[in-house]
Amino acid sequence: MVFSDSIGKLTVITGPSGVGKGSLVKQLLERNKQIWLSVSATTRRPRKGEKDGDHYFFLSHEQFLELVESGGFLEWAKFAGNCYGTPSEPINKQLKGGRAVLLEIELEGARQVRESFPEAFQVFISPPSFEELELRIRGRATDNDEAIRLRMNRAKEELKAQNEFDAVVVNDDLNVAVLELEKLMGLRKNN
Ligand code: ADP
Ligand code: 5GP
């Protein structure tokens, strides 16, 4: 059984698009070199500055489907018209090696991980308000109007699911949210 002899700790970060997951994860990784971040596969086109194998493995729909069919994903889901998935082999390897492993994935994927790997610690990142979420996603200026509309619609559904999670962190002040995440992940003691 996959993961049965793992000794590392798996943390899952989920939250609506534009809430600041990427910004939080970047800070976490810079401050805590022991964390290993999973690189997902996606059929989405690279944004400006995104590198294959670094931000994502950018795959065609055919390549993605092949991996789904060969059981290569720990979880996968469709999001705003594209497919996203977590390759399971590297996660297995890192957990066996005792690493702190981090996944940054959307809601359906987090639900799948809850089934297949219930020991994982799952954190939901919430915005201070829905209006602020829209400001952030527009301010990031990486998505066209249609992509923003799809993402905002999806955000409404995702926000309803936050009670399913082990913890909720409101990303109002980024530094405060990073500290809170570190505390929840056992990376720092009380302050
Ligand atoms: P996600 O990865 O969840 O889609 P990003 O990390 O790309 O979100 O953040 C979306 C936008 O919001 C970016 O422009 C980012 O700089 C900004 N942002 C992130 N966290 C905060 C925060 N705490 N306060 C204000 N702006 C933020
Ligand atoms: P983006 O296109 O903005 O990079 O990501 C869109 C959404 O897909 C985000 O909510 C992000 O967390 C999620 N995502 C990224 N990688 C994965 C993955 O491997 N699996 C799942 N289920 N979601 C992912």
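Preceding this section is the structure that the text describes.
Quick caveat, the model's predicted, so the values are computed rather than measured. (Residues numbered from 1 in each chain as written. Chains lettered and ligands numbered in written order. Predicted model: local features only at pLDDT ≥ 70, side-chain atom pairs only at ≥ 80, totals over all residues. Heavy atoms only, no water.)

K.L.:
Looking at this structure, I do not really get the site of ligand 1. What am I missing?
P.N.:
Residues in contact with ligand 1 amount to 13 residues; listed here are only the nearest, G18, K21, G22, S23 and R140. Between an oxygen atom of ligand 1 and a main-chain N or O atom of V19, the distance comes to 3.3 Å. Taking D172, its main chain carries an N or O atom lying 2.8 Å from a nitrogen atom of ligand 1. Coverage of ligand 1 by the protein chains reaches 72% of its 570 Å² of free accessible surface. A majority-of-atoms criterion places ligand 1 in the largest pocket. Looking at the shell around ligand 1, the elements with two or more residues in it are α1 (21-31) and α5 (130-140). Take the shell around ligand 1: its biggest share by element is 3 residues, from α1. Residue composition of the shell around ligand 1, by class: 3 nonpolar, 6 polar and 4 charged. (Near = heavy atom within 4 Å. Polar contact = N/O pair within 3.5 Å; in protein donor to acceptor, adjacent residues only side chain to side chain. Areas by Shrake-Rupley, 256 points an atom, 1.4 Å probe, with all protein chains shown as cover. 1 Å grid on protein atoms, 1.4 Å probe; cavity = no way out; pocket = protein on both sides within 12 Å on 5 of 7 lines; lining within 4 Å. Sits in = over half its atoms within 2 Å of the grid points. Helix = DSSP H or I, 4+ residues; strand = E, 2+ residues; numbered from the N terminus. Nonpolar A, V, L, I, M, F, W, Y, C, P; charged D, E, K, R; others polar.)

K.L.:
Help me understand helix α4 (residues 107-116), please; the structure alone is not making it clear to me.
P.N.:
An α-helix turns once per 3.6 residues; consequently, residues spaced three or four apart project the same way. Listing the buried residues of α4 in full gives L107, G109, A110 and V113. For α4, the arc enclosing every buried residue in end-on projection is 160°, short of the 170-degree limit, so these residues lie on one face. Structurally, α4 contributes buried residues whose contacts are with β1 (9-14), β5 (73-79), β7 (100-104), β8 (121-126) and α6 (145-160). (Buried < 20%, exposed > 50% of the residue type's maximum accessible area, 1.4 Å probe, protein only. Arc of directions from axis to C-beta. Contact = heavy atoms within 4.5 Å.)

K.L.:
Is there a simple way to explain the pattern of salt bridges in this structure?
P.N.:
Opposite charge on two side chains makes pairing possible when the charged atoms of those side chains draw close. All chains considered together, the criterion is met by 16 salt bridges. When the shortest N-O distance is used, the salt bridge between R149 and E146 registers 3.0 Å. Taken together, the residues span about one helical turn, with R149 and E146 both in helix α6 at a distance of 3 residues. Here R149 falls in the partly exposed class, since its relative accessible area comes to 44%. Through salt bridges that share partners, R47, R140, D143 and R151 make up one connected network. (Salt bridge = Lys/Arg side-chain N within 4 Å of Asp/Glu carboxyl O.)

K.L.:
Is there a simple way to think about the sheet that holds β8 in this case?
P.N.:
Across a sheet, strands are paired by hydrogen bonds formed along the backbone, either parallel or antiparallel in direction. Here 5 strands make up an open sheet; going across it, the order is β2-β7-β1-β8-β9 and the pairing parallel. The open sheet terminates on both sides in strands that have one partner only, identified here as β2 (35-37) and β9 (167-170). If you compare each strand with its neighbour and ignore which way they point, the axes differ by 25° on average. Taken together, the 5 bridges between β1 and β7 define a ladder with parallel strand orientation. Looking at β7, one finds that L10 is bridged to V101. In the packing of α4 onto the sheet, the strands contacted are β1, β7 and β8, and the crossing angle to β1 comes to about 155°. Lying on the sheet, helix α7 (residues 174-184) is in contact with β1, β8 and β9; it crosses β9 at an angle near 160°. (Pairing = 2+ DSSP bridges. Axes fitted to C-alpha atoms, helices over the stretch in contact; angles between N-to-C directions.)

K.L.:
Is there a simple way to explain the nonpolar core in this structure?
P.N.:
Note that soluble globular proteins tend to have their nonpolar side chains buried in a common cluster. Ranked by internal contacts, the top residues of the largest apolar core, which has 21 residues, are I13, L102, I125 and L181. Looking at this core, the elements with two or more residues in it are α1, β8, α5, α6, β9 and α7. What I125 contacts, discounting residues up to four positions off in sequence, is I13, T14, G15, P16, V19, K21, L24, V169, N171 and L181. Membership of the second largest hydrophobic core comes to 18 residues, among which are L74, L103, F124 and L159. (Core = buried A, V, L, I, M, F, W, Y, C linked by side-chain atoms within 4.5 Å.)

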